[in-house]
Amino acid sequence: MSTRTSALDAVVFGVDVQSGDVRGDVSYALVAFDGEHVDRDVVSRRKLRRLIRDEQPAIVATDNMYELAENKDALVHFLGELPDETTLVQVTGAERPEPLSRVANRHDVPYGKDPMEEAEAAARLAANNVGQVVSAFTDETEVKVSRGRSTGGGGGWSEDRYTRRIHGSVKKRTREVESELQEAGLDYEREVTEKYGGFSNAVFTVEGRPRDIPVSNERAGDVRVEVERVRRDGIEFRPLAKRRDHVVVGVDPGTTTAVAIVGLDGEVLDVLSTRTADSAEVTEWIVERGRPVIVAADVTPMPSTVEKLRRSFDAAGWTPDRDLPVDVKQHRTREEGYDNDHERDAMAAAFGAFDAHKDQFERIAAKVPPGQDVGPVVARVVAGGESVETVLDDLRDDGGDESAEPDQPDNEQSPEQKRISQLESQVAQLQSHVESLEDTIDEKDAEIDDLEGKLSEARSETRKEARKDREVTRLERENRRLQGEIDEKDDRIEELEGKLERLKALWKLDHSNFADVSEAKEGLTPVKVVEQFTSDAIDDADERFGLAEDDVVMFRDASGAGASTADKVVDVDPKLVLRNGGLSDVADEILFKHDIPVAPADMVTVQEVDELAVAREREIEAAVADWEDRAEEREREQNAQMVDRLISEHRAGDRGESD
């Protein structure tokens, strides 16, 4: 059993059904264990989930994961709700769990049949790294950037602009998300769906969990961002901790070396396949995961590399009577997951050795007293060739058992003689092991000499590769910059193409009252449309398309004109002002004073598409001429009124003198 400090780094929750049915109304016995203190409570399903969310325990431990969810879908949902810092552990094993009482007895943990006692046993077992972590999600996260609203509309140019704006917003947010992932140093893959004006969606598959990613769920305007962990195909189990128990090791050597670790209960604990690790690294990987009792191969005779590995651990060897057929290996590993045929072959070898010794393991376990670890006994019996009784006696002697009688019959060995025999046997084994290691050292020395010669060549090649990598990095950075410029140019091209299409549409308009223009080869004059006769509207129009001298300006609503706005128009000095609605006397007087022609908009036929508008030159000239006629008449009237006023003032002065 793995050792721990007296107090855990975090809290472990032990859970067991107290009453009710998990498919309906249920209550749970809950034990919170921190390594020293135990808190007990009976809680509802809702309160349990709230406590897990608020307390964020390191482990939620149970003897059966389906006591927390009624089926697989509900279990996946429960796992998805767990905080990132919390894992679900089934302390009784993986797909074929053992009774909780047996597991607790094996690890010397107090056990009782009461739900609260079972919950406490589960918590204490998990705190001692016993059990399998239950997982439904990988360590990858999917970040999806998509449209925040539908692009459907009433049709026409407005809908096109609306759709382009949404797709442009999705594209912009995609670039921002990608930049944030790069700044965080996260590995990712990106897939985008390009649509009119930008992207309709983009999906990033990121190596990391949601807590590692600087992006969260959001929905703002045109864009929605969703962050979800990537689900596995099913439920996966893995050991809560790598413990150095006694194990069976299967090895498949070759260009790709595969190793499978199987426990003495026949459960696969871990699998490795590598093309780069040498024998020392493979040995270290095995040592971290267990103490080999048997090292096995799936072919006979045992390959030399596997034999060296077996001798290095002083373990028993196993090979089949003949090479294992592929169909046999596939059938034996059908319930296990593996990434390639090498891992399958390594597992098949380990299973073959386990099947061959299974009965022996069970006989040994039956003779080992409760509470005592079976692994050391199996190792000495299987690998060392000792009897179970001798090993148990030896272990009792090591534990301080001095109850043996001093006098022994001549045909029996005294405890001291037994111990001497055991030590002599161990010395012989160690001497054989030393010789094997010395042979290995000689081989390694020769290999080191060869590798040192290659090292200098590799260093030179590495420097060349480093220079090449730096150049590639520079070119990739330059490529990203240029790609950004291209994207900006593409956006500008799309904008200009849209304007070009609208201009084409303008010239294709079917307006019968323009037929005479075409026949007479007359020209068209642009008209610049201003929404209101106000300072803000005039400034906005000037900023969007510019107002210049000799322009024809049309106000959709001239009723808001005042002295300051009239002065703005005077500063522009347009050729003609077309008005819709009445014009204030103040504005009219200022425009008249500065010789700015003003005419009602209905005097000129104006055709519009978006912000573009045109009118016939001859109608513009006619409106200007009409204003000039009216201006002359208005000036004559003003002069006449002025003469009448002067005469009246003169007469009034004469009468005053005569009086």
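Structure's up top.
Since the structure is predicted, the reported quantities are computational estimates derived from the model, not experimental observations. Every chain is numbered on its own, with residues counted from 1 as its sequence reads. Only residues with pLDDT of at least 70 get local features here, since the model is predicted, and only at 80 or more are side-chain atom pairs given and counted; chain-wide, interface and lining totals rely on the full set of residues. For the side-chain quantities, the full set of heavy atoms in the structure was used; hydrogens and water were omitted.

Draft legend 1. Representation of the overall build of the protein in the model. Secondary structure assignment for the protein yields 17 helices and 21 strands. By definition in these notes, contact holds between two residues if any of their heavy atoms fall within 4.5 Å. When contacts within the protein are restricted to residue pairs at least 6 apart in sequence, long-range pairs at least 24 apart make up 62% of them. When the accessible area of the protein is evaluated, it comes to approximately 38200 Å², of which 46% is carbon and sulfur surface. Working definition: helices are DSSP H or I runs of at least four residues, strands are E runs of at least two. Numbering for both runs from the N terminus. The accessible surface values rely on the Shrake-Rupley method and a 1.4 Å probe; as for residues, cover is taken only from the protein chains in view.

Draft legend 2. Representation of the sheet that holds strand β15 (residues 316-318). Pairing between two strands is assigned when DSSP locates at least 2 bridges connecting them. Read from one edge to the other, the open sheet built from 5 strands follows the order β13-β12-β11-β14-β15, with strand pairing classed as mixed. The open sheet has two edge strands, β13 (268-274) and β15, and neither has a second partner. Sheet twist, expressed as the average angle between the axes of neighbouring strands with direction ignored, equals 25°. Relative to β13, strand β12 (residues 257-263) runs antiparallel, the two sharing 6 bridges. For V262, the partnering residue across the bridge sits in β13 and is V268. Working convention: axes come from line fits to C-alpha atoms, limited for helices to the stretch in contact. Angles between N-to-C directions cover 0 to 180 degrees.

Draft legend 3. Up close: helix α9 (residues 341-367). Given a helix with a known number of residues, its expected span is that number minus one, times 1.5 Å. Helix length check: α9 (27 residues) gives 38 Å between terminal C-alpha atoms against 39 Å at 1.5 Å per residue, within 8%. The N-terminus of α9 is capped by N340, whose side-chain oxygen sits 3.1 Å from the backbone nitrogen of H342. Here a polar contact is taken to be a pair of N or O atoms separated by no more than 3.5 Å, where protein atoms must pair a possible hydrogen donor with a possible acceptor and residues adjacent in sequence count only if both atoms sit in side chains.

Draft legend 4. Just the nonpolar core, in detail. Core analysis: the largest hydrophobic core is formed by 28 residues, its most contacted members being I294, F361, I364, V377 and V382. Among the secondary structure elements, those contributing two or more residues to this core are β12, β14 (291-296), β15, α9, α10 (374-382) and α11 (388-398). Tallying contributions element by element places α9 first for this core, with 9 residues. Filtering out sequence-adjacent residues up to four positions away, V382 remains in contact with V293, I294, A316, H357, Q360 and F361. Only buried residues count toward a nonpolar core, which is a set of Ala, Val, Leu, Ile, Met, Phe, Trp, Tyr and Cys residues joined through side-chain atoms within 4.5 Å. Partly exposed residues are those whose accessible area sits between 20% and 50% of the maximum for their type, while under 20% is buried and over 50% is exposed, using a 1.4 Å probe and protein chains only. Counting residues in each nonpolar core, the second largest holds 27 residues, with L68, L82, A94 and F137 among its members.

Draft legend 5. Spotlight on the pattern of salt bridges. The rule for a salt bridge is simple: a side-chain nitrogen of Lys or Arg has to be within 4 Å of a carboxyl oxygen of Asp or Glu. According to the stated counting rule, one finds 43 salt bridges in the structure shown. Residue E176 pairs with R173 through a salt bridge whose shortest N-O separation is 3.2 Å. Of this pair, E176 and R173 both sit in helix α5 (residues 156-183), 3 residues apart, which is roughly one turn of that helix. What makes R173 buried here is its relative accessible area of 12%. Notably, a salt bridge pairs E495 with R492, separated by 3.3 Å at the nearest N-O pair.

Draft legend 6. Spotlight on the packing of aromatic side chains. We call Phe, Tyr and Trp rings a pair once their centres come within 6.5 Å, taking the six-membered ring for Trp, and we label the pair stacked below 30 degrees between planes, edge-to-face above 60, and tilted otherwise. Summed over the entire model, instances satisfying the criterion amount to 4 aromatic pairs. Their ring planes at 65° and their centres at 5.7 Å tell us that Y188 and F204 sit as a pair that is edge-to-face. Taken as a pair, Y188 in strand β7 (residues 188-195) and F204 in strand β8 (residues 198-207) lie far apart in primary sequence, 16 residues in all. Judged by relative accessible area, Y188 falls into the partly exposed class, the value being 23%. Measuring from ring centre to ring centre gives 6.1 Å for F354 and F361, while their planes differ by 50°; the resulting arrangement is tilted. The exposure class of F361 is buried, given its relative accessible area of 5%. Two thresholds decide whether a charge sits over a ring: the Lys NZ or Arg CZ must be within 6 Å of the ring centre and within 35 degrees of the ring normal. The residue whose ring lies beneath R124 is F33, and the NZ or CZ to ring-centre distance is 4.6 Å. Here the guanidinium or amino end of R634 rests over the ring plane of F592, the centre of that ring lying 4.1 Å away.

Draft legend 7. Inspection of a negative patch on the surface at higher detail. Patch membership requires more than 30% relative accessible area and the absence of a salt bridge. Residues of like charge join within 9 Å; the nonpolar side chains Val, Leu, Ile, Met, Phe, Trp and Tyr join within 5 Å. Working convention for charge: Lys and Arg count positive, Asp and Glu count negative, and His plus the chain ends are omitted. Where a charge lies is defined by one atom per residue type, namely NZ (Lys), CZ (Arg), CG (Asp) and CD (Glu). A surface patch of like charges, here negative, comprises D139, E142, D187, E189, E191, E207, D212 and E228. Of all the secondary-structure elements, those providing two or more residues to the negative patch are β6 (132-147) and β7. With respect to the helices, strands and loops of the structure, E189 is situated in strand β7.

Draft legend 8. Just the side chain of H357, in detail. By the element assignment, H357 lies in helix α9. Classification of H357 by relative accessible area gives buried; the value is 16%. Leaving out residues up to four positions away in the same chain, H357 has contacts with I294, W318 and V382.

Draft legend 9. Representation of unusual backbone geometry in the model. The amide bond that connects T300 to the next residue, P301, takes the cis arrangement and shows omega of 0°. Looking at the secondary structure, you find P301 in the loop between β14 and α7 (304-313). Despite not being glycine, D108 has its phi angle at roughly 55°, a positive value.

Draft legend 10. Inspection of the pairing of β6 at higher detail. Here strand β5 (residues 87-90) runs beside β6; their pairing, made up of 3 bridges, is antiparallel. Paired with L88 across the two strands is V134, which belongs to β6. Relative to strand β10 (residues 223-239), β6 runs antiparallel, the two being bridged by 12 bridges. For S146, the partnering residue across the bridge sits in β10 and is R224.

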